[in-house]
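A closer look at the structure
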Amino acid sequence: MGTADQTSQSMIARYILLAALAILLAVAAQTAVAQTEPGPTLSQVLRRGYLSCGVSDAAGFAQPDDKGVWRGFDVDFCHALAAALFDDPAKVRFLGLGARERVAALQSGWVDLIGGAGPWTQSRDGGAQRAIYAGVSFHDGQSFLVRRQRSFASAQDLSDVSVCVQQGTTYELELADFFRMRKTPYEPKLFPSFEEAAAAYAGGRCDALTADAAALHGARAKLTGPENHDVLPDLLTKAPHGPLVRQGDDQWLSIVRWALFALIDAEELEVSAETVDAALKSEAPRIRHLLGVEGDRGAGLALAGDWPYRIIKHVGNYADIFERNLGQRSPLRMERRINALWNKGGLLYAPAAQ
């Protein structure tokens, strides 16, 4: 009798274990399917047949050329994302937006992302705006534009100078704090707009112009003899710039974020548009994984496994995008400085793609 009871209990326990295992396998299968199905934003983009990207007019970042074609650093990021989605960087449409229009356009669904917004702050990242930054594509901050003949090598050299600045902005406040903390005399010259402040500097009405470094490079490019002016390397503030997406769609956030990381990682691994085809035959594990030769880079993103290859083949890596829009191959002739890779003295860093 005892043996029969033990056998019965053993069979019941086995059935329970089998049932539990079947449930776990079913849940795992459903999870796997859910991870590979397009989420709401990706579904809308694929159904529409093109990416909708919001951009703000800024020299080097997003400006229409004389034919009305948008070009720039943020524009190329959206081209890279379109390449990942469609294997065609041209499948993107751009909507020019002012600073006050960006979040509304994003939340209304007019655009799928903002190609580059900044600066990244707590109030802008979440909260009532219900938007979230996918990463930092460009590190910016307040600096100074000065004439090279004055031999200012650093902001610390500025003393008893006149500085043109836009009135009623954080630039004016940071400027005052900078000189007050150093107990150094200066003369602020205030103007209603940055354009007027830049024009005053160009006309010789002040010794320096202050704003974010990217804007200063744009102002320098418009000067007669821009090579006679320098944007100092010091940054008074932190103003990180990057793509912005709606909250509530983690898959889309991951797609945009990892597209940015792929650009950075490709530069670090020295894989460019010119070398990407040859890199497919590389035996280096990191390169093979980057390009989707090994592993499935599309897992969990509902993308093709070779989406990073598509980005690099069509658009290039981070250095390619930087140099043609902001760097030495552009009118801005911006140095990489803190926008260099982490292993070259900068702040750019991408997590491991594994």
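Residues numbered from 1 in each chain as written. Predicted model: local features only at pLDDT ≥ 70, side-chain atom pairs only at ≥ 80, totals over all residues. Heavy atoms only, no water.

Quick look at the pattern of salt bridges
What counts is decided by this rule: Salt bridge criterion: a side-chain nitrogen from Lys or Arg within 4 Å of a carboxyl oxygen from Asp or Glu. Each helix is a run of H or I in the DSSP string that is no shorter than four residues. Each strand is a run of E no shorter than two, and both are numbered from the N terminus. Note on exposure labels: buried denotes an accessible area under 20% of the residue type's maximum, exposed denotes more than 50%, and partly exposed covers the range between, all computed with a 1.4 Å probe on protein chains only.
Applying the stated criterion to the full structure yields 13 salt bridges. Residue R71 is joined to D65 by a salt bridge in which the shortest nitrogen-to-oxygen separation is 2.9 Å. Of the charged contacts in the structure, one is a salt bridge between R150 and D207, with a shortest N-O distance of 3.0 Å. Pair noted here: R150 is in the loop between β8 (142-147) and β9 (161-166) and D207 is in the loop between α6 (194-202) and β11 (208-212), with a separation of 57 residues, a long-range link. Given a relative accessible area of 36%, R150 falls into the partly exposed group. Overall, D207 belongs to the partly exposed group, its relative accessible area being 22%. Taken together, the shared-partner salt bridges connect D265, E268 and R286 into one network.

Details of unusual backbone geometry
Phi angles above zero are rare outside glycine, and E270 is one such case at about 60°. E270 sits in the exposed class, given a relative accessible area of 65%. The phi torsion at A302 lies on the positive side, around 60°, for a residue other than glycine. Note on placement: A302 falls in the loop between α10 (285-290) and α11 (307-314).

Let's talk about the sheet that holds strand β12 (residues 229-231)
Test applied: Two strands pair under a simple rule: DSSP has to find at least two bridges between them. Structural elements are reduced to axes, namely lines fitted to C-alpha atoms, with helices fitted over the stretch in contact, and the angle between N-to-C directions of any two is expressed from 0 to 180 degrees.
Spatially, 5 strands are ordered β10-β9-β11-β8-β12 in an open sheet, and the strand pairing comes out mixed. A single partner strand is all that each edge strand has here, and the edge strands are β10 (186-191) and β12. Sheet twist, expressed as the mean angle between neighbouring strand axes with direction ignored, is 25°. When β8 meets β11, the two strands line up antiparallel, connected through 5 bridges.

Remarks on the environment of L216
Counting through the fold element by element, L216 comes out in helix α7 (residues 213-221). Note on L216: relative accessible area 0%, which makes it buried. Spatially, the C-alpha atom of L216 lies 6.8 Å from that of V231, the residues being 15 residues apart in sequence.

Quick notes on the packing of aromatic side chains
Here a ring pair, both rings aromatic, is described through the centre-centre distance and the interplanar angle of the planes. The line we're drawing: Between the rings of Phe, Tyr and Trp (Trp by its six-membered ring), a pair exists once the centres lie within 6.5 Å; its type follows the angle of the planes, with under 30 degrees stacked, over 60 edge-to-face, and the other angles tilted.
All told, the structure shown has 13 aromatic pairs when counted by the stated rule. Arranged with centres 5.7 Å apart and planes meeting at 80°, the rings of F73 and Y318 form a pair that is edge-to-face. Residue F73 is found in helix α3 (residues 73-86), and its partner Y318 is found in helix α12 (residues 318-325); the two are separated by 245 residues along the sequence. Under the relative-accessibility criterion, Y318 is labelled buried at 1%. Considering the side-chain rings of F178 and F179, the 5.1 Å spacing of their centres and the 80° angle between planes classify their relative orientation as edge-to-face. Residue F178 is classed as buried on the basis of its relative accessible area, which comes to 13%.

What about the packing of α3 against α11?
The axes of two packed helices give the description: the angle between them and the distance between them. Definition in use: Should an angle fall under 35 degrees it is called roughly parallel, over 145 degrees roughly antiparallel, and 65 to 115 degrees roughly perpendicular, with every other angle called oblique. By definition, turning the near helix anticlockwise from the far helix through less than a right angle yields a left-handed crossing, and turning it clockwise yields a right-handed one. Any two residues whose heavy atoms approach within 4.5 Å are treated as being in contact. Under the scheme applied here, ten amino acids are nonpolar (Ala, Val, Leu, Ile, Met, Phe, Trp, Tyr, Cys and Pro), four are charged (Asp, Glu, Lys and Arg), and all others, including Gly, are polar.
Two elements in contact, α3 and α11, have axes whose closest approach is 8 Å; the angle formed by their N-to-C orientations is 135°. Here α11 runs oblique to α3, going by the angle between their axes. Seen from above, α3 lies across α11 with right-handed handedness. Taken together, the residues of α11 that come into contact with α3 (itself represented by A80, A83, A84, L85 and F86) are W307, R310, I311 and H314. For the contact of α3 with α11, the residue count by class is 7 nonpolar, 1 polar and 1 charged.

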